[in-house]
Amino acid sequence: MDKKPNVLLVCSNDGFQNLLRIPLILHEAGCNVTLLTVQNNLLARSRFVNFVLPPESDIRSLIIALKTHLSGKQGHYAWVLIGDESPLFEIIKYREESWLEDWFPVDVRSDAMEIISSKDGFVKACVTHGVPYPTTQVSSCINHALSAAEYIGYPVMLKTTRGSSGIGVRFAKNPDELLNAFKSVGSPPKFVLQKYVSGYVGVTEILMDHGNPLAWISSYKYQTLNGPFGPSCVRQFMTHSTMETIIRQIGEMTKFHGLCGFDWIHDKNKDSISVIEFHARPPSGFHLGKVCNVNFADGIRDMLSGKKTLRRPVVPPSAAGPKRAYMFPQHISRCIKERDFKDLIHWIPGVKANCHYDILLGDPGLLKSIIFQCTLNKFINLFIRSFKSIIFSRKEKT
């Protein structure tokens, strides 16, 4: 029997919802999963994690522990998977050190380090490689941004050079709103100003083997959490004639190895796709690949064994309408936070046609932790806010 490949998953608490199904996918790919993370990370409860290394107190300590661990495990791991931005950006600080070589998802000596670590670096690379991207200016002060916005034309998007899930992203329709947006993100010394493109926002998840795409799926962000620029909680699957070309362009300019993705906007009037952001870590939808006839676990198994099988998504037409996936716990969290309780009807089996659900029933320990530490906490916070609001209104009447 062949020895199972060992995979090290390194992550913080910041993006744990993106990673909830990654241990299962790696398990289905035939891997032994080792987790290195910070304290109180729910992923440690997953039954698909084989080994949990001693948790660290903060990100800096986490990366120091990673360096020490890898120094004593040379050749042990077939793949080191960085799960979210916090450890990624901390690791990049060590880019001049040799211990990053041979396992980091891009060549540490190449321009790809700048591409994956900052939005302005990604913008420049898109221009160089002909990747479709909205008109963009990199600004170092608000005066330059105001002039650039007049040139680009309002409305515009202001984005900090780092951040994800809508953090550090603002929309502005005029100079006053742009000034307020600049202040609301902390008046950064460097930021990106982008022409707003009207259309449907979506995300593409990709498995890449040193820049060669092996599998991918694309979907619209049908609903989002924490505002229109936040992470998705409902996906609607799609394909587009230019998507594979864009994926290959991004693979060529990054030579990325592992699970990654990018956000885009589909301008329905022009039927064009414009890339808006690259994710050098796993977005949240890889477990949804099977809905589009793409099994990422099989793709990972092939990649680690040296095979280069290509898996393209298939979204079959349906009389019931577009196929949508309601994501757990993201969609339930949105319903609770926004008090949109009627939308919870989608979780009643058979009520809505052509919907996909995945409630982690196969990972009961992790599911229990999510329910009690996430969903229940939101209900408690909602109750506290409602109670305070009632008390405050009564005091005003008296």
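As the structure is a prediction and not an experimental result, all values here were calculated from the model. Position labels on residues start from 1 in each chain and follow its written sequence. With pLDDT at 70 or above as the cut-off, local features in this predicted model cover only qualifying residues; side-chain atom pairs require 80 or more to be listed or tallied, and sums for whole chains, interfaces and linings still use all residues. Values shown for side chains rest on all heavy atoms present in the structure; no hydrogens or waters enter the calculation.

Enquirer: Help me understand the overall build of the chain, please; the structure alone is not making it clear to me.
Expert: If you tally the helices and strands in the chain, you get 11 helices and 15 strands. Relative to the 2.2 N^0.38 estimate, which gives 21 Å for 398 residues, the radius of gyration of the chain is 22 Å and therefore close to what a compact globule would have. Its C-alpha atoms give the chain principal-axis dimensions of roughly 70 × 50 × 50 Å. Any two residues whose heavy atoms approach within 4.5 Å are treated as being in contact. In the chain, 68% of the contacts between residues at least 6 apart in sequence involve partners at least 24 apart. With an accessible surface of roughly 18800 Å², the chain has 53% of that area assigned to carbon and sulfur atoms. Elements are defined by DSSP. Helices are runs of H or I of four residues or more, strands are runs of E of two residues or more, and each kind is numbered from the N terminus. What the globule rule says is 2.2 Å times the number of residues to the power 0.38, and the radius of gyration is computed from C-alpha atoms. In short, Shrake-Rupley with a 1.4 Å probe defines the accessible areas, and a residue's cover is counted only from the protein chains shown.

Enquirer: Please explain the pairing of strand β15 (residues 355–358) as it appears in this structure.
Expert: One face of the sheet, then the other: side chains in a regular strand alternate in exactly this way. At least two bridges found by DSSP between two strands is the condition for calling them paired. With four bridges connecting them, strand β14 (residues 324–327) and β15 associate as parallel partners. Bridge assignment links Tyr326 to a residue of β15, and that residue is Tyr357. Here, the term right-handed applies to a crossover whose path from the first strand over the helix to the second runs clockwise when the strands point away from the viewer. The parallel pair β14 and β15, bridged by helix α10 (residues 330–337), forms a crossover whose chirality is right-handed.

Enquirer: Where do I start with unusual backbone geometry in this structure?
Expert: Residues other than glycine predominantly adopt negative phi, and peptide bonds predominantly adopt the trans conformation. Geometrically, the link from Tyr154 to Pro155 is a cis peptide bond, its omega value of 0° lying close to zero. Structurally, Pro155 is set in the loop between α6 (142–152) and β6 (156–160). Its identity as a non-glycine residue notwithstanding, Asp271 has a phi of 50°, on the positive side. Structurally, the position occupied by Asp271 is in the loop between β12 (258–267) and β13 (272–279). In this structure, Leu360 takes a positive phi of about 60° despite not being glycine. Type-normalised accessible area, obtained with a 1.4 Å probe on protein chains alone, sets the label of each residue: buried when under 20%, exposed when over 50%, and partly exposed for intermediate values. Leu360 gets classed as buried once you look at its relative accessible area, which sits at 5%.

Enquirer: Quick question: what am I supposed to make of the side chain of Thr224 here?
Expert: Assignment of secondary structure puts Thr224 in strand β10 (residues 212–224). Those residues in contact with Thr224 that sit more than four places away from it in its chain are Gly230, Pro231, Ser232, Cys233, Arg334 and Glu338.

Enquirer: Which parts of the structure should I look at to understand the environment of Gln373?
Expert: Here Gln373 shows up in helix α11 (residues 364–397). Taking relative accessible area as the criterion, Gln373 reaches 36% and is therefore assigned partly exposed. Spatially, the C-alpha atoms of Gln373 and Lys4 are 33 Å apart, while their sequence positions differ by 369 residues.

Enquirer: Sorry, what's going on with the side chain of His279 here?
Expert: Relative to the elements of secondary structure, His279 occurs in strand β13. Of the polar contacts made by the side chain of His279, one reaches the side chain of Asp263; its length is 3.0 Å. Residues in contact with His279, not counting those within four places in the same chain, are Glu85, Cys260, Gly261, Phe262 and Asp263. Any pair of N or O atoms that falls within 3.5 Å is considered a polar contact. Within protein, one atom must be able to donate a hydrogen and the other to accept it, and sequence-neighbouring residues count only if both atoms are side-chain atoms.

Enquirer: I tried to follow the packing of aromatic side chains on my own but got confused; where do I start?
Expert: Two aromatic rings, taken as a pair, are described by how far apart their centres are and by the angle between their planes. Two rings from Phe, Tyr or Trp (for Trp, the six-membered ring) form a pair when their centres are within 6.5 Å of each other. A pair whose planes differ by under 30 degrees is stacked, one over 60 is edge-to-face, and the rest are tilted. Tallied over the full model, the rule gives 14 aromatic pairs. When the ring of Phe122 is compared with that of Tyr133, the centres are 6.1 Å apart and the planes differ by 75°; the resulting orientation is edge-to-face. Of the two residues, Phe122 sits in helix α5 (residues 119–129) while Tyr133 sits in the loop between α5 and β5 (136–139), which places them 11 residues apart along the sequence. Taken individually, Phe122 and Tyr133 each receive the classification buried, so the pair is uniform in this respect. Arranged with centres 5.6 Å apart and planes meeting at 70°, the rings of Tyr220 and Trp264 form a pair that is edge-to-face. Here Tyr220 is found in strand β10, whereas its partner Trp264 is found in strand β12, with 44 residues between them in sequence. Accessibility assignment for this pair places Tyr220 and Trp264 in one class, buried. Through successive ring pairs, a cluster of aromatic residues spans Tyr94, Trp99, Trp103 and Phe104. Here, a charge over a ring means that NZ of Lys or CZ of Arg falls within 6 Å of the ring centre while also lying within 35 degrees of the ring normal. In this structure, Arg324 packs its charged tip against the face of Tyr222, placed 3.7 Å from the ring centre.

Enquirer: Would you mind showing me how to read the nonpolar core here?
Expert: Soluble globular proteins tend to bury their nonpolar side chains together. Nonpolar core, defined: a set of buried Ala, Val, Leu, Ile, Met, Phe, Trp, Tyr and Cys residues in which side-chain atoms within 4.5 Å join the residues together. One finds Leu8, Leu66, Trp103, Phe104, Phe122, Phe262 and Phe278 to be the most contacted residues of the largest nonpolar core, which totals 51 residues. Among the elements that take part in this core, helix α8 (residues 243–254) stands out by supplying five residues, more than any other. Those residues in contact with Phe122 that lie beyond four places of it in its chain are Glu114, Ile115, Tyr133, Ile250, Met253, Val275, Glu277 and Phe278. Counting 45 residues, the second-largest nonpolar core is a separate cluster that includes Ile25, Val33, Leu207 and Leu214.

Enquirer: Sorry if this is basic, but what is going on with the packing of helix α2 (residues 59–71) against helix α3 (residues 85–92) here?
Expert: A pair of packed helices is characterised by two quantities: the angle between their axes and the separation of those axes. Between α2 and α3, whose axes approach to 9 Å, the crossing angle comes to 65°. In the crossing of α2 with α3, the sense of the turn from one axis to the other is right-handed. Note on element contacts: α3 touches α2 through Ser86, Pro87, Glu90 and Ile91, opposite Ile59, Arg60, Leu62, Ile63 and Leu66. Think of each axis as a best-fit line through the C-alpha atoms, taken over the contacting stretch in the case of a helix, with angles from 0 to 180 degrees between the N-to-C directions. Crossings are assigned a handedness: left-handed for a near helix turned anticlockwise from the far helix by less than a right angle, right-handed for a clockwise turn.

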